[in-house]
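Chain by chain, the residues run as shown.
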Amino acid sequence: MLIKKTIFALLFISFALFSRDYKKYSKSEFAMGTNLAVTFFSYDGKKNANKILAECFRLAGDLEKKVSCKNATSTIYKLNSVKKGDVSDDFTLELLKNSLYYAELTDGLFDPALYNVIELWGFESGENKIPEIKEILAALKSSGYKNVAIDGKTIVLSNGASLDLGGIAKGAIIGKIAEYLKSVGLKDFLINGGGDIVVGGLYAGQRKWRIAIANPFNQNETVGMVELTDCSVVTSGDYERYFISEDGIRYHHIIDPRTGTPANNGVHSATVIADSPVKADALSTALFVAGVKEGLELIKKTTGVKTIFISGNKEDFKLDYSDNISHTIRDGKYYFEVKE
Ligand code: AMP
Ligand code: MG
């Protein structure tokens, strides 16, 4: 009798488990200075899913406050004002260490201490202007990752240098959101912070996630798509933040640290696919600055990184990508395949 009851109970529990819907939950809101969208699949009910989604956005806001160079209460803002200080939170300290790591790896093409130059162009304040050459040269003198020293928890900024972690922070934040989702038992998710993407598992637990590659000449269009699982995709593009001067020249927000001016090598977007969002974010910025030829050489320094460059112009754009990617064309769209 007891055996019968147990079997019945087990059958009932399995039926209850398997008959639950694996539902998609999603929320998108302005965060980290962009549109942040979190999507996941879960057997949980709406109430619990909404709680998890709210926590993702709370986390994004909380972490952004720590590392934004514009927020007067942030650790980075304070460091920029006093040039020396202890960093007590682990997230910021780890981000600073990673920033220096990627600055070294890319020979300073990714540079977290370019704030003085970026500020001149008004990309942080929104009051855009073309700086005078002498202003740029002076700002370059007080810029550069070599002016950043980390000793334990103490950070020292020399020569008047200031930090801007905008090229890596979004990657780090979406990475923390992914960690949180995993910690609550979710494995099939996509986090998209304005072109910085982390995917976990599969769409609906069934197929790889399909990630669109934006057309840098028309943001409402895509040039193609890549199917991925458990990795990060980050794109740096000249269409994300820019202004157009009176004589029609487009000045965008990714600065070549060698000149102090917006990178100008013909590349309009650089997409990086990598195993971590921090790596993908830092390298997408560096590769955008490096351009195609130097960029394809640069990624050989690190493992598992894939990249797609789009250059040329609206009528005739050009694609270049690393050896570990291939593509087919269907209906005029590119379908990229990642080789492991
Ligand atoms: P992303 O969209 O990730 O390429 O980051 C661009 C942002 O990174 C800019 O808005 C600046 O805040 C900052 N930035 C600009 N140029 C560089 C650079 N060469 N290295 C690191 N960060 C940069
Ligand atoms: Mg970046």
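Our structure's up above, just so we're on the same page.
Everything in this summary refers to the structure shown in the same document. Please read these numbers as outputs of a predicted model, since none were measured by experiment.

1. Some words on the sheet that holds strand E19 (residues 333-338)
With mixed pairing, four strands are arranged side by side in an open sheet as E8-E9-E19-E18. Because the sheet does not close on itself, it has two edges, and the strands there are strand E8 (209-215) and strand E18 (325-330). Going across the sheet, the axis of each strand differs from the next one's by a mean of 30°, ignoring polarity. Pairing between E8 and strand E9 (residues 218-228): seven bridges, direction antiparallel. Paired with Ala214 across the bridge in E9 is Thr222.

2. Describing the site of ligand 1
Surrounding ligand 1, one finds 19 residues, the nearest of these being Asp111, Ser236, His253, Ile255 and Thr285. Between a nitrogen atom of ligand 1 and a main-chain N or O atom of Leu109, the distance comes to 3.0 Å. When isolated, ligand 1 has an accessible area of 500 Å², and the protein chains bury 97% of it. Broken down by element, the shell around ligand 1 gets its largest block of residues, three residues, from helix H8 (residues 277-298). The residues that make up the shell around ligand 1 include at least three from each of domain 1 (75-157) and domain 2 (208-338).

3. Here's the deal with the pattern of salt bridges
Within the structure shown, the criterion is met by 14 salt bridges. Lys129 is the salt-bridge partner of Glu135, the closest N and O atoms lying 3.9 Å from each other. Overall, the relative accessible area of 30% leaves Glu135 in the partly exposed class. Residues Lys176 and Glu179 are paired through a salt bridge, measuring 3.5 Å at the closest nitrogen-oxygen approach. Pair noted here: Lys176 and Glu179 are both in helix H7 (residues 169-183), with a separation of three residues, about one helical turn. When its relative accessible area of 25% is taken as the criterion, Lys176 is described as partly exposed. For Glu179, a relative accessible area of 47% translates into the label partly exposed. Three or more residues are tied together by salt bridges with common partners; here these are Asp256, Arg258 and Glu294.

Criteria and cut-off values
Along each chain, residue indices are assigned from 1 in the same order as the chain's sequence is written. Chain letters start at A and ligand numbers start at 1, both assigned in the order the entries are written. This being a predicted model, a pLDDT of at least 70 is required before a residue's local features are given, and a value of 80 or more before pairs of side-chain atoms are given or counted; all residues contribute to the totals for chains, interfaces and linings. Water and hydrogen atoms play no part in the side-chain values, which are based on all heavy atoms of the structure. A pair of strands is treated as paired once DSSP finds two or more bridges between them. Secondary structure follows DSSP: runs of H or I at least 4 residues long count as helices, runs of E at least 2 residues long count as strands, and numbering of each begins at the N terminus. Axes here refer to lines fitted to C-alpha atoms; in helices the fit is confined to the stretch in contact. Angles between the N-to-C directions go from 0 to 180 degrees. The near set for a molecule or strand comprises every residue that places at least one heavy atom within 4 Å of it. Two N or O atoms form a polar contact when they lie within 3.5 Å of each other; inside protein one atom must be a possible hydrogen donor and the other a possible acceptor, and for residues adjacent in sequence the pair counts only when both atoms belong to side chains. Surface accessibility in these figures is a Shrake-Rupley result with a 1.4 Å probe; residues are shielded only by whichever protein chains are displayed. Domain borders in the structure are assigned automatically or taken from a domain database. Only one rule defines a salt bridge in this text: a Lys or Arg side-chain nitrogen within 4 Å of an Asp or Glu carboxyl oxygen. Relative accessible area decides the class of each residue, using a 1.4 Å probe on protein chains only: under 20% of the type maximum gives buried, over 50% gives exposed, and in between gives partly exposed.

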